[in-house]
Amino acid sequence: MHADARELQTIGDDVVNTMRTTLLMAMLFTLSGCSLWERTKATVGAGPNQTSTVGFSAVISDAPNAQVIEIAFAYADASVAILTQTEEATWFTERVGYCSSYGSQLDVIRLELPMAYSAQLTSLPKNHKLAKSIFVFVREVGKVEITTIQDPWLQISEGKITLLEEPPGANGTRNALEAVEGAKTLC
């Protein structure tokens, strides 16, 4: 075989190998691209939600108990559907089953807030910016969706939840009246 022919064959092999590698990389990116793209968007603040903290205020009432609050972060369409359809009473009855069935698609954290206290939860789940939907369930009161609000405050008073965009009584500032970090992770 002539030297020029061998050189052309080598160049041809390189082109074929480059095409195979490019095709393989494209297939891998396609398979993992959605997840990678969503994580990248969330990292720069363009994820499915903008929530960074969640504040609560429990007004003094006739109920002598602390308010039991659970925040559910849904990461997939199936878990979003469950949270959207589930009422507060059903949530507290079936949460263990939901966590078992949708564990990889759901994060749930719990906070118990005494009457006349305020709390700002700043320790959210690691991947909370990837959550497609975020719901807050308050035992014997109701539920509210907070997905579209950056720093929501929920005031719990007289058996109702009022969704606020700043702490109650803050006179237009974003400063928390009282703040605590952490809550119990349930799933």
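Heads up: the structure comes first, above all this text.
Because the structure is a prediction, the values reported are computed rather than measured.

Engineer: Help me understand the pairing of strand β8 (residues 160-164) in this model?
Structural biologist: Note on strand geometry: in a regular strand, side chains alternate between the two faces of the sheet. Where strand β7 (residues 153-157) lies against β8, 5 bridges are found, and the strand directions are antiparallel. Bridging across to β8, Gln-155 finds its partner in Thr-162. Remark: 2 residues form the turn of the hairpin made by β7 and β8, two consecutive strands paired antiparallel; Glu-158 in that turn has positive phi of roughly 50°.

Engineer: Explain the packing of helix α2 (residues 77-85) against helix α3 (residues 88-102) here, please?
Structural biologist: Axis angle and axis distance: for two packed helices, these are the angle between their axes and the distance between the axes, and together they describe the pair. Packing of α2 against α3 brings their axes to within 12 Å, and their N-to-C directions diverge by 175°. As the angle between them shows, α2 and α3 are arranged roughly antiparallel. For the pair formed by α2 and α3, the contact residues are Ala-78, Ser-79, Ile-82 and Leu-83 on the first element and Trp-91, Tyr-98 and Tyr-102 on the second. Residues belonging to the contact of α2 with α3 are distributed by class as follows: 6 nonpolar, 1 polar and no charged.

Engineer: Teacher, can you tell me more about unusual backbone geometry here?
Structural biologist: It is generally the case that most residues other than glycine have a negative phi and that most peptide bonds are trans. The phi dihedral of Ala-116 falls on the positive side, at around 70°, and the residue is not glycine. Tracing the backbone shows Ala-116 in the loop between β3 (106-113) and β4 (118-121). Phi at Glu-158 takes a positive value of approximately 50°, unusual for a residue other than glycine. With respect to the helices and strands, the residue Glu-158 is situated in the loop between β7 and β8.

Engineer: Hey, could you run me through the state of the cysteines in this one?
Structural biologist: Here a disulfide denotes a covalent bond joining the sulfur atom of one cysteine to the sulfur atom of another. Evaluated as defined, the whole model comprises 1 disulfide. Residue pairing for Cys-99: its cysteine sulfur links by disulfide to Cys-187, the two sulfurs lying 2.1 Å apart. Handedness of the Cys-99-Cys-187 disulfide follows from its S-S torsion of about -60°: it is left-handed. Note that Cys-99 is positioned in helix α3 and Cys-187 in the segment after β9 (184-185), a separation of 88 residues in sequence. In this structure Cys-99 comes out as buried when scored by relative accessible area, which is 12%.

Engineer: Before we go on, may I ask you to explain the pairing of β3 in this structure?
Structural biologist: Within β3, 7 of the 8 residues are buried, which leaves it mostly tucked inside the rest of the structure. Direction of pairing for strand β2 (residues 67-74) relative to β3: antiparallel, over a ladder of 8 bridges. Its bridge partner being in β3, Ala-74 is matched across the sheet by Leu-106. Relative to β9, β3 is paired through 2 bridges, and the arrangement is antiparallel. Counted as the bridge partner of Arg-110 is Lys-184 from β9.

What counts, and where the lines are drawn
Positions within a chain are numbered from 1, following the residues in the order the chain's sequence is written. The predicted origin of the model limits local features to residues at a pLDDT of at least 70 and limits the giving and counting of side-chain atom pairs to 80 or more, whereas totals for whole chains, interfaces and linings rest on all residues. Derived side-chain values reflect all non-hydrogen atoms in the structure, with water molecules and hydrogen atoms excluded from consideration. In this analysis, strands are considered paired if DSSP registers two or more bridges between them. Counting from the N terminus, the helices are DSSP H or I runs at least four residues long and the strands are E runs at least two residues long. Only C-alpha atoms enter the line fits that serve as axes; for helices the fit covers just the stretch in contact. Angles between N-to-C directions range over 0 to 180 degrees. Geometric relationships in this document are graded by angle, where less than 35 degrees denotes roughly parallel, more than 145 denotes roughly antiparallel, 65 to 115 denotes roughly perpendicular, and other angles denote oblique. The criterion used for residue contact is that any of the two residues' heavy atoms lie within 4.5 Å. In this classification, Asp, Glu, Lys and Arg are treated as charged, Ala, Val, Leu, Ile, Met, Phe, Trp, Tyr, Cys and Pro as nonpolar, and every other residue, Gly included, as polar. We call a pair of cysteine sulfur atoms a disulfide when they lie within 2.5 Å. A 1.4 Å probe rolled over the protein chains alone gives each residue an accessible area, and that area as a share of the maximum for its type sets the label: buried under 20%, exposed over 50%, partly exposed in between.

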